[in-house]
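Notes for the structure review
Below, each chain spelled out in residue letters.
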Amino acid sequence: MFWFFGREACGILAPRPEIEPAPAALEGEVLTTGPPGKTPRFNSSKRTNIILQHLRMSKHTDAAAEVLLERKGCAGVITLNRPKFLNALNLSMIRQIYPQLKKWEQDPETFLIIIKGAGGKAFCAGGDIRVISEARKSNQKIAQDFFREEYMLNNAIDSCQKPYIALIHGITMGGGVGLSVHGLFRVATEKSLFAMPETAIGLFPDVGGGYFLPRLQGKLGCFLALTGFRLKGRDVYAAGIATHFVDSEKLGMLEEDLLALKSPSKENIADVLETYHAKSKIDQDKSFILEEHMDKINSWFSANTVEQIIENLQQDGSSFALEQLKVINKMSPTSLKITLRQLMEGSSKTLQEVLTMEYRLSQACMRGHDFHEGVRAVLIDKDQSPKWKPADLKEVTDEALNNHFKSLGSNDLKF
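Notes on the structure in this doc start here. Bear in mind that the values here come from a model prediction, so they are computed numbers and not experimental data.

1. Structural notes on the overall build of the chain
Helix and strand counts for the chain stand at 17 helices and twelve strands. The buried share of the chain, taken over its 415 residues, is 53%. In the chain, the share of contacts with a sequence separation of at least 24, taken over all contacts with a separation of at least 6, comes to 75%. Roughly 19,000 Å² of accessible area belongs to the chain as shown, and the carbon and sulfur atoms make up 50% of that amount.

Right, dumping it as structure tokens:
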């Protein structure tokens, strides 16, 4: 969930107020009364000053708003608005999106919900990991609140009674996956980039990763979770993460057509998406990037232990197998073991049960060493050389693993 793609995340900010409407003065106070019986006229200098003042206010608020929540046509539209930070998710954004999602869900005039990212480079590259790690020094509750409220939002997206459409154009990792994959429709483009690379920073693929990853074809989800392998473009659709693929230059037209629908049903919305999907020509004849390796992936990653998976890769000895082995050997041993068990257990759980499990795991990781060390190595010192504890899979005991999955009692996540 918490992953930041090549840049430092900024601090968690307090929720922003919504953009204020034009001052009431524009409607009345700028008028001056002329002679009796004459039409009132505008006081031009006062009117100009008020308009300029409002424009400055609007510009400032637009620039500062981390998420835009707008009613357009038949839809509620959520725009993640931190393009300089690849639309990384923070607590402030979650606290704005969740209540608005619930409000639109109950609104008879809102027929669908669209979520997208500003800036063109990313839908959402993940979450604010550095802030979460640094918060423990001051004993702040951010780690508890963030995971709890983010997982509640993930569940709300899954259970949303209105069709939810995520335009996953650009980088979509960790927390960005949680904002999209549980929705009814997910639209990828040739510029989509999907990954769940949390094992590289001492975490695990959360935001419901324990639910959706084991439900991908074969052992693809386990492979993606342990290695952090990146899927690009049409491969995001071929893997089953996206439901549709649209050429990026047509995204604007697609959104306009969706907004123009009159009281649409789920089937009406699906028809529009299918039409754009069918017309897409980019990489149309390209085979899935992992197609030639899927049989081996299914074999290697069907093992019940990470040690056995590593042995399978070593025994295979092919260049692809050794490449994956090299990647896995860099990951946090604790994270690898947590992740494999998370996916094995999650394969037979409901999403809510998975999120409850993942909340327990998140809090255990916050208490542990590897997450904070991963943040240090990737974001703070940037030496890319984390010193994991323990550093060897054999040293990750069953007791330590079991402790990650223990109930938090009254502090458990509840829906």
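2. Quick look at the environment of K191
Position of K191 among the secondary structure elements: in the loop between β9 (185-188) and β10 (193-195). Considering only alpha carbons, one finds K191 and A122, 69 residues apart in sequence, at a separation of 9.0 Å.

3. Considering the pairing of strand β5 (residues 112-117)
Judged by how many residues are buried, β5 sits mostly within the fold: five of six residues are covered. In this fold, strand β4 (residues 75-80) hands off to helix α2 (residues 91-106), which returns the chain to β5; that crossover is right-handed. Examined bridge by bridge, β5 and strand β7 (residues 164-168) share three bridges and lie parallel to one another. Within the sheet, the bridge partner assigned to I113 lies in β7 and is Y164.

4. Topic: the sheet that holds strand β3 (residues 67-72)
What the six strands build is an open sheet, ordered β3-β4-β5-β7-β9-β12; its pairing is mixed. This sheet does not close on itself; its edge strands, each paired only once, are β3 and β12 (244-245). Strand direction decides the pairing type here: β4 and β5, joined by six bridges, are parallel. Directly across from G76, in β5, lies its bridge partner I113. Strands β3, β4, β5, β7 and β9 of the sheet are contacted by helix α9 (residues 251-259), whose axis makes an angle of about 160° with β5.

5. Notes on the side chain of R376
Considering the arrangement of structural elements, one finds R376 in helix α16 (residues 370-380). Of the polar contacts made by the side chain of R376, one reaches the side chain of D381; its length is 2.8 Å. When neighbours within four sequence positions are excluded, R376 is seen to be in contact with D381, K382, D383, S385 and P386.

6. Describing the packing of aromatic side chains
Two descriptors summarise a pair of aromatic rings, namely the distance from one centre to the other and the angle between the planes of the rings. On inspection of all chains with the given rule, the structure shows seven aromatic pairs. Taking the centre distance of 6.4 Å and the plane angle of 70° together, the rings of F146 and F147 count as edge-to-face. In this structure F146 comes out as buried when scored by relative accessible area, which is 0%. For the pair Y151 and Y359, a centre-to-centre distance of 6.5 Å together with 85° between the ring planes defines the contact as edge-to-face. Here Y151 is found in helix α4 (residues 142-159), whereas its partner Y359 is found in helix α15 (residues 351-367), with 208 residues between them in sequence. The residues Y151 and Y359 share a single accessibility class, namely buried. An aromatic cluster of at least three residues, connected via ring pairs, comprises F223, F229, W300, F301 and F320. One cation-aromatic arrangement involves R215 over Y211; the distance from NZ or CZ to the ring centre is 3.9 Å.

7. Quick look at the sheet that holds β10
Read across the open sheet, the four strands follow the order β6-β8-β10-β11; overall the sheet is mixed. The sheet terminates laterally at β6 (122-124) and β11 (231-232), the two strands that pair on one side only. Where β6 lies against strand β8 (residues 171-173), two bridges are found, and the strand directions are parallel. In the sheet register, A122 faces β8, and the bridge partner there is I171.

8. Observations regarding helix α14 (residues 333-346)
In this model α14 runs 20 Å from its N-terminal to its C-terminal C-alpha over 14 residues, within 8% of the 20 Å that 1.5 Å per residue would give. In terms of burial, α14 is largely enclosed, as eleven of its 14 residues are buried. Taken residue by residue, α14 has P333, T334, S335, L336, K337, I338, T339, L340, Q342, L343 and G346 as its buried positions.

Thresholds, definitions, all that
Residues numbered from 1 in each chain as written. Predicted model: local features only at pLDDT ≥ 70, side-chain atom pairs only at ≥ 80, totals over all residues. Heavy atoms only, no water. Helix = DSSP H or I, 4+ residues; strand = E, 2+ residues; numbered from the N terminus. Buried < 20%, exposed > 50% of the residue type's maximum accessible area, 1.4 Å probe, protein only. Contact = heavy atoms within 4.5 Å. Areas by Shrake-Rupley, 256 points an atom, 1.4 Å probe, with all protein chains shown as cover. Right-handed = clockwise from strand over helix to strand, strands pointing away. Pairing = 2+ DSSP bridges. Axes fitted to C-alpha atoms, helices over the stretch in contact; angles between N-to-C directions. Polar contact = N/O pair within 3.5 Å; in protein donor to acceptor, adjacent residues only side chain to side chain. Phe/Tyr/Trp six-rings, centres within 6.5 Å; stacked < 30°, edge-to-face > 60°. Lys NZ or Arg CZ within 6 Å of the ring centre and 35° of its normal. Expected span 1.5 Å × (residues − 1).

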